[in-house]
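These are the residues of each chain, in order.
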Amino acid sequence: MSAPNLIETSDPGNRPQQIYRLNSRECIRAVLITDRSPPVVRLERGKVTSDGIVPTGVAFSFAAHRTAAIGQMLLDLAASADLSSNGEAA
C-alpha cells in the first residue's frame, strides 16, 4: 500500500484538520480542537463519496499533549500485528 494522501483543510468550525486517505473509499480525519482547555485531538474514520467525506461514527478523542504516547501506542500495535506484504492486516 502506498503512503496515505494527506489533505490539509479546516472543518466547518474553521478548526485545522488533516485528512489521510487510506484508499479510494476510506479516510481518517484528524481535527485539533483548541477552543477548550486542554486542547483535544479527534480522529474520525470516514467514507469518501461523491458528496465528500461522510463520517462513519467511529471516533477517538484524547488530550493533545498525549499525542506522542498515542502515536507510540499505534506504532507498537502495528509492529505486533501480522502484516501482509501489502501493508494491511491479515
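This text goes with the structure placed above it.
Residues numbered from 1 in each chain as written. Predicted model: local features only at pLDDT ≥ 70, side-chain atom pairs only at ≥ 80, totals over all residues. Heavy atoms only, no water.

Peer 1: Can you explain the side chain of Arg 29? Please cite residues and give values.
Peer 2: Residue position: Arg 29 is located in strand S3 (residues 26-33). The residues contacting Arg 29, other than those within four sequence positions of it, are Gln 17, Gln 18, Ile 19, Arg 42, Leu 43, Glu 44, Ile 53 and Pro 55. (Helix = DSSP H or I, 4+ residues; strand = E, 2+ residues; numbered from the N terminus. Contact = heavy atoms within 4.5 Å.)

Peer 1: Let's hear about the packing of aromatic side chains: which residues, and what values?
Peer 2: What the rule picks out here adds up to one aromatic pair. Between Phe 60 and Phe 62, the ring centres sit 5.2 Å apart and the planes meet at 45°, which makes this aromatic pair tilted. For Phe 62, a relative accessible area of 11% translates into the label buried. (Phe/Tyr/Trp six-rings, centres within 6.5 Å; stacked < 30°, edge-to-face > 60°. Buried < 20%, exposed > 50% of the residue type's maximum accessible area, 1.4 Å probe, protein only.)

Peer 1: Quick rundown of the pairing of strand S4 (residues 40-49)? Include the residues and the values.
Peer 2: Across eight bridges, the pairing between S3 and S4 is antiparallel. What sits directly across from Ile 28, in S4, is Arg 45. Hairpin remark: S3 followed by S4, antiparallel, with six residues in the connecting loop. Hairpin geometry of S4 and strand S5 (residues 52-63) is characterised by an intervening segment of two residues between the two adjacent antiparallel strands. (Pairing = 2+ DSSP bridges.)

Peer 1: Lay out the pattern of salt bridges with the relevant residues and their values.
Peer 2: Enumeration over the complete set of coordinates arrives at three salt bridges. Of the charged contacts, one joins Arg 45 and Glu 26 as a salt bridge, the two residues approaching to 2.7 Å between their closest N and O atoms. With Arg 45 in strand S4 and Glu 26 in strand S3, this residue pair connects regions lying 19 residues apart in the sequence. Accessibility expressed as a relative area gives 30% for Arg 45, which makes it partly exposed. Of the residues examined, Glu 26 reaches a relative accessible area of 21% and is grouped as partly exposed. The partner of Arg 29 in a salt bridge is Glu 44, and the shortest N-O contact between them spans 3.1 Å. With Arg 29 in strand S3 and Glu 44 in strand S4, this residue pair connects regions lying 15 residues apart in the sequence. By relative accessible area, Glu 44 is classed as buried at 17%. Because the salt bridges share partners, they merge into one network encompassing Arg 29, Arg 42 and Glu 44. (Salt bridge = Lys/Arg side-chain N within 4 Å of Asp/Glu carboxyl O.)

Peer 1: Quick rundown of the environment of Leu 43? Include the residues and the values.
Peer 2: Of note, Leu 43 is situated in strand S4. You can call Leu 43 partly exposed: its relative accessible area is 23%. For the pair Leu 43 and Leu 32, spaced 11 residues apart in the sequence, the C-alpha separation amounts to 9.1 Å. Contacts of Leu 43, omitting those with residues within four sequence positions, involve Arg 29, Ala 30, Val 58, Ala 59, Phe 60 and Phe 62.

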